[in-house]
Amino acid sequence: MEFHFMNAAGSCKQLADVEKLARSAVTEITAGSITVEPRPGNSGNVFWDDGQGASLNSLGLPNGGLPYYREHLLKMAGVAHGGHKKLRVSIAPFSPDEVEPLAQLAAEHMVDSIEVNLSCPNVWKGKVQKSVVGFDAALSAAYLDLALKSAGVVRPVWAKVPPYSDPSQLAAMAEAVTDLDTRYAGRIGIVACNTFPNGFAFDHGPKPAITPNCGLAGVAGRAMKYIALGQVVQFRALLPPHIPVIGVGGIADGDDLADMLAVGAVGVQVNTAYTANGENLRVFTDILHRYVERTAPAVE
Ligand code: RRO
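Bear in mind the structure is a predicted one, so any value in this text is a computation, not a measurement.

**Brief notes about the overall build of the protein**
Then, number 1: When helices and strands are counted, the protein shows nine helices and 14 strands.
Then, number 2: Scaling as 2.2 N^0.38, a compact globule of 300 residues should have a C-alpha radius of gyration of about 19 Å, and the protein matches this with 18 Å.
Then, number 3: Projected onto the principal axes, the alpha-carbon positions of the protein cover approximately 60 × 45 × 40 Å.
Then, number 4: A burial count over the protein gives 53% of its 300 residues as buried.
Then, number 5: Of the roughly 12,800 Å² of accessible surface on the protein, 57% is carried by carbon and sulfur atoms.

Okay, here's the thing in structure tokens:
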């Protein structure tokens, strides 16, 4: 199967971000997540890393919405393709009727694959937190079905799922995806997993590390590595072999990539290691380099 090596959505929102990632070692650039309406995102400290590879974020889905991507998405795809990378767009619909316009936008602008974000933990209306769609397999299947219908006949659709602590919820999602696969002929895959909802940290003092929502934020990076590996192991055991799984969570060096591939992932997404290192593109090169050093036979 094709090897997928990319940034995770969240670190690429605008044309300039695609232009930058087009010069990196990724095979594929993930842009988004994008919503129907433009969103300013949260304010204050919205990303924090603990200096040991773990992070918290509450970005709050900042993005330019349909107006920005109608204007810039074709150029984003052209820039990615010019750098010999695929362009994946992560869409974040807030209701079933938002799936079609977002998926169609991607389909009409040379985007190579669509990721349906079923798992953003950071959407609040005042003090009320929006529930995470990916914990409801039936509702997730409805979103994915609409995305597959709107995405054009050949374009793959990936479900970005939350980390499941209840194995029966994970099994229900695996079953829903397997069922969709029988109807959409090998066009669906799983990206496991998004951040763990509602973590909290102090920033070496009395204040929460993250400003919005009393400091509650998605947990990522090193803190997620063993959870993400476990999610991939479980999905691999439940899914037919041809349905691909991409692993996300704590990929920061060649060993992490090797571990993800060893449990059956077809590739990885990287976020904390990239963001916490000032979005230095070397992170991607170093991961691949160390992976090759670790796995390649010695040349005499
Ligand atoms: O924007 C965010 O706050 C965000 C999103 Br959409 C997501 O999918 N996962 C995450 O940790 N943060």
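Next comes the rest of the description.
**Concerning helix α4 (residues 137–150)**
Note that an α-helix has 3.6 residues per turn; residues three or four places apart therefore point the same way.
Then, number 1: The first and last C-alpha atoms of α4 sit 20 Å apart over 14 residues, in line with the 20 Å expected at 1.5 Å per residue.
Then, number 2: Restricting attention to buried positions, one finds in α4 the residues A137, S140, A141, Y143, L144, D145, A147, L148 and S150.
Then, number 3: Of the surrounding elements, those touching the buried residues of α4 are α3 (99–107), β6 (113–117), β9 (157–161), α5 (167–183) and β10 (188–192).
Then, number 4: For α4, the N-terminal cap is D136; the gap from its side-chain oxygen to the backbone nitrogen of A138 is 3.2 Å.

**Notes on the layout of surface pockets**
Then, number 1: Space inside the largest pocket adds up to approximately 700 Å³.
Then, number 2: Counting residues per element, the ones that place at least two in the lining of the largest pocket are β2 (28–34), β4 (54–57), β6, β12 (217–221), β14 (267–270) and α8 (272–276).
Then, number 3: Grouping the constituent residues of the lining of the largest pocket by class yields 18 nonpolar, 21 polar and eight charged.
Then, number 4: A volume near 290 Å³ is recorded for the second largest pocket.
Then, number 5: Lining the second largest pocket are 20 residues, with E2, H4, P156, W158 and P244 sitting closest to its centre.
Then, number 6: Of all the secondary-structure elements, those providing two or more residues to the lining of the second largest pocket are β5 (86–91), β9 and β10.
Then, number 7: Looking at the lining of the second largest pocket, its residues break down into eight nonpolar, five polar and seven charged.

**Describing the sheet that holds strand β3 (residues 47–49)**
Then, number 1: Here we have four strands laid out as an open sheet, ordered β3-β4-β12-β11, and antiparallel in their pairing. In this open sheet, the two strands that pair with only one neighbour each are β3 and β11 (196–199). Adjacent strand axes in the sheet meet at a mean angle of 35° when their direction is disregarded.
Then, number 2: Inspection of the sheet shows β11 paired to β12 by two bridges, in the antiparallel sense. Within β12, the residue paired with F196 across the bridge is V219.

**Quick word on the site of the ligand**
Then, number 1: Around the ligand, the structure places N57, S58, L59, G60, L61, N117, C120, P121, N122, N194 and T195.
Then, number 2: One of the side-chain nitrogen or oxygen atoms of N117 is found 2.8 Å away from an oxygen atom of the ligand.
Then, number 3: In the environment of the ligand, an oxygen atom lies 2.9 Å from a nitrogen or oxygen atom belonging to the side chain of N122.
Then, number 4: A majority-of-atoms criterion places the ligand in the largest pocket.
Then, number 5: Classifying every residue of the shell around the ligand gives four nonpolar, seven polar and no charged.

**Remarks on the pairing of β4**
Then, number 1: Along β4, one buried face is formed by A54 and L56 and the opposite face, lined by S55 and N57, is buried too.
Then, number 2: Of the pairings in the sheet, the one linking β3 to β4 comprises three bridges and is antiparallel in character. Looking at β4, one finds that D49 is bridged to S55.
Then, number 3: Joining the antiparallel neighbours β3 and β4 is a turn of four residues, in which G51 adopts a positive phi near 80°.
Then, number 4: Taken together, the four bridges between β4 and β12 define a ladder with antiparallel strand orientation. Bridge pairing in β12 places L56 opposite V219.

**So, the environment of A176**
Then, number 1: Looking at where A176 falls in the secondary structure, it is placed in helix α5.
Then, number 2: On the basis of relative accessibility, which here comes to 14%, the residue A176 falls in the buried class.
Then, number 3: For the pair A176 and A141, spaced 35 residues apart in the sequence, the C-alpha separation amounts to 5.9 Å.

Rules and cut-offs
- Residues numbered from 1 in each chain as written.
- Predicted model: local features only at pLDDT ≥ 70, side-chain atom pairs only at ≥ 80, totals over all residues.
- Heavy atoms only, no water.
- Helix = DSSP H or I, 4+ residues; strand = E, 2+ residues; numbered from the N terminus.
- Rg over C-alpha atoms; globule rule 2.2 N^0.38 Å.
- Buried < 20%, exposed > 50% of the residue type's maximum accessible area, 1.4 Å probe, protein only.
- Areas by Shrake-Rupley, 256 points an atom, 1.4 Å probe, with all protein chains shown as cover.
- Expected span 1.5 Å × (residues − 1).
- Contact = heavy atoms within 4.5 Å.
- Polar contact = N/O pair within 3.5 Å; in protein donor to acceptor, adjacent residues only side chain to side chain.
- 1 Å grid on protein atoms, 1.4 Å probe; cavity = no way out; pocket = protein on both sides within 12 Å on 5 of 7 lines; lining within 4 Å.
- Points joined across faces, edges and corners; volume = space filled by probe spheres on them.
- Nonpolar A, V, L, I, M, F, W, Y, C, P; charged D, E, K, R; others polar.
- Pairing = 2+ DSSP bridges.
- Axes fitted to C-alpha atoms, helices over the stretch in contact; angles between N-to-C directions.
- Near = heavy atom within 4 Å.
- Sits in = over half its atoms within 2 Å of the grid points.

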